[in-house]
Amino acid sequence: MSIDCFLQILIYSALTILSPHLAYATQMHSAAEGVIVHQIGHLFFLISMIILYFTIRGKSLDSQQGWRLIQLSALLFSLWNLDALIVHFLDNQIDMIYLKNISIFEAQIDSVNNSKPLILFYYFLRLDHLLSLPAMILLWRGLSLILKQNLANQELIK
Amino acid sequence: MILPYLPILVVDIAGSFGMIVFALLALNNAIKLKKRDTDNVMSLYLLWICWGFTIFAISRALGHLVRQLMVIYGHSDWWSFISPYSGTINTVSFMLMGVLTLFFNQNWKINMKILESQKNLETTNQALEETHIELVKLNQTLEQKVAERTAIIMKNINEKKNMAQQIAQADKLAALGELAAGVAHEINNPLGIILGYTQLMLKDKSMENSDFYEDLKVIEKHVKNCKSVVSDMLTFSRKGSLKQGIVNLNHVVDDVVKFLHNHSDFRNIEMKLDLYHEGICDIGACNVLGNEQELRQVVINLLINSCHAVEKNGKINLKTLLTDVEKDSSQEEIRCRDAEIWVEDNGKGIKPENLPRIFDPFFTTKPVGQGTGLGLSVSYGIVKKHGGRIEVKSKENEGSLFRVILPCASNIIAEESMEKI
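On a predicted model such as this, the values are computed, not experimentally measured, just so you know.

Basis of the calculations
Residues numbered from 1 in each chain as written. Chains lettered and ligands numbered in written order. Predicted model: local features only at pLDDT ≥ 70, side-chain atom pairs only at ≥ 80, totals over all residues. Heavy atoms only, no water. Pairing = 2+ DSSP bridges. Helix = DSSP H or I, 4+ residues; strand = E, 2+ residues; numbered from the N terminus. Axes fitted to C-alpha atoms, helices over the stretch in contact; angles between N-to-C directions. Contact = heavy atoms within 4.5 Å. Phe/Tyr/Trp six-rings, centres within 6.5 Å; stacked < 30°, edge-to-face > 60°. Buried < 20%, exposed > 50% of the residue type's maximum accessible area, 1.4 Å probe, protein only. pLDDT = per-residue confidence, 0-100. Expected span 1.5 Å × (residues − 1). Polar contact = N/O pair within 3.5 Å; in protein donor to acceptor, adjacent residues only side chain to side chain.

A. Looking closely at the sheet that holds strand 1 (residues 2-4) of chain B. Taken in spatial order, the three strands of this open sheet run 1(A)-2(A)-1(B), and their pairing is antiparallel. Both outer strands of the open sheet, strand 1 (97-101) of chain A together with strand 1 of chain B, are each paired with one neighbouring strand and no more. This sheet shows a mean twist of 30° between the axes of neighbouring strands, independent of strand direction. One ladder, built from five bridges, connects strand 1 of chain A with strand 2 (residues 106-111) of chain A; its direction is antiparallel. By the bridge assignment, A:Asn101 is partnered in strand 2 of chain A with A:Ala107. Sheet strands touched by helix 4 (residues 116-125) of chain A: strand 1 and strand 2 of chain A together with strand 1 of chain B. Its angle to strand 2 of chain A, the strand with the most contacts, is close to 130°.

Okay, here's the thing in structure tokens:
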């Protein structure tokens, strides 16, 4: 690929990116396309985490503790992706839910059909870090155990 | 519906920080793993995954933190400008994670192939190493092996030379034997004439009172001795007939002993004879079926060997005996299973390593010229031909015992009769 061709692609990409619309709440995306792309990203991430879960199982790697924790991490990340998918769907795609910050202590959350269960459901889904942070911790812990096992194996070979 | 925003805020901020921290910690572990296990493709893969998660965590966490800060400080419009970029980066990071994860299977297969190749390489290396060690060892021992083989070849050549020398010696001795027989034959005639004339003179009555009578007696005695020696030599040099017949072992042994008594080598050797029940043997008990000349040869060979073993002033015991003797009711016919001749000496004995070889043709421990190495071999063949066997017991420096065991003629005749029936 020539330098001119590369520069053209870069310029056109920048022009496309640099003209978004304003968005609010969780992670609002400019137009329907932005939301859809983002949702597809979440979906792709979710499916890949499920595939990772079953791949680790298929290779019988889950017999080792390190890999078992990574498998659990993949499961939690897939649940987190589902959580994010639902949140973006409700407040960004179909505009079912509206969140407005009154102060740092209070927020007003309304739904189109005034459904309390839905509002409460949305509220808990907004605490998505309760899924993603443990997932990341499990990933770190799993890698720590794999590293430890590797050290032990190398000591044994010596 | 108004709900507390603080939990969302706290969880969001703390969670974001936590995500960054733990993503970086996981990345650090992946880097360490890669450094430790550089050959493992899965270590590299885990590093890529961790990079993906780190980019995702940082982009998302930073986005959330910035958003919350903007909202708290009332700069929501700023967030409106930043959020699309943040969201885009998040989307890209999701895609990156998804793509990386899908390569897990491929990486795994590659890793397994690499590990298998590594294992095969290690096995090949080990085999090469072993082959190398063996080659080095062979190289080191090659010279030694060449020397050993050369020694074996030289030994075989020397043995062949020795055998050739012994054959030549045997031929020489055979020729000498013939010559001796010729000479003896020539001497026999004059001796006969001398004896004849001496006896004629002794018969003359007029000589009885003469001074020469005693002298003539002495001449007769010594001529008879000479004739006896010559006669025995002629007897043994004669190519005996191949005729098989009844042979009395006691007679054979007795003849041989008498013959060898005149031999210079046996002069100083004490020979003791123990013949089995002469009376019984005279009525045929000690008979064997065979060739007398050949059996005599066997006894001579054994005695000559014993003589060489004892050297001077030794002892040789000769014995004949029968085994499983049975008498019939009339006491006239005696049957036995085997008739044996024992030749025992108190000589230097036979070394244990030589014992299995004493009956081999041309095997001898004597220097060339002192023996052909054929005596025992010929004796063995003769005894075998007669349906018997030779047994040896020998101890170094203590002496040897040779037992010639032959089947009794009475036993053979009885067995043949049974077969005919």
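B. Representation of the packing of aromatic side chains within the structure. Following the criterion strictly, the structure yields 18 aromatic pairs over all chains and no others. Between A:Phe77 and B:Phe53, the aromatic rings sit 4.7 Å apart at their centres with planes inclined by 25°, giving stacked as the arrangement. Residue A:Phe77 is located in helix 3 (residues 65-93), and its partner B:Phe53 is located in helix 2 (residues 41-72); the two belong to separate chains. Across the pair, exposure class does not vary: A:Phe77 and B:Phe53 are buried alike.

C. Representation of the confidence of the model for chain A within the structure. Residues and elements named next belong to chain A. Residues at a pLDDT of 70 or more form 83% of chain A, whose mean pLDDT is 84. Considering each helix and strand of chain A separately, the mean pLDDT is smallest for helix 1 (residues 3-17), with a value of 66, and largest for helix 3, with 94. Of the regions scoring below 50 in pLDDT, residues 21-25 engages in twelve contacts with residues more than four places distant in sequence or in other chains.

D. Summary view of helix 8 (residues 292-310) of chain B. All names here are of chain B. For helix 8, built from 19 residues, the straight-helix expectation of 27 Å at 1.5 Å per residue is met to within 8% by its first-to-last C-alpha distance of 27 Å. The buried count for helix 8 comes to 14 of 19 residues, which makes it a mostly enclosed element. One side-chain oxygen at the N-terminal end of helix 8 lies 3.0 Å from the backbone nitrogen of Gln 293; it belongs to Asn 291. Two residues or fewer past helix 8, Glu 311 is found with a positive phi of approximately 55°.

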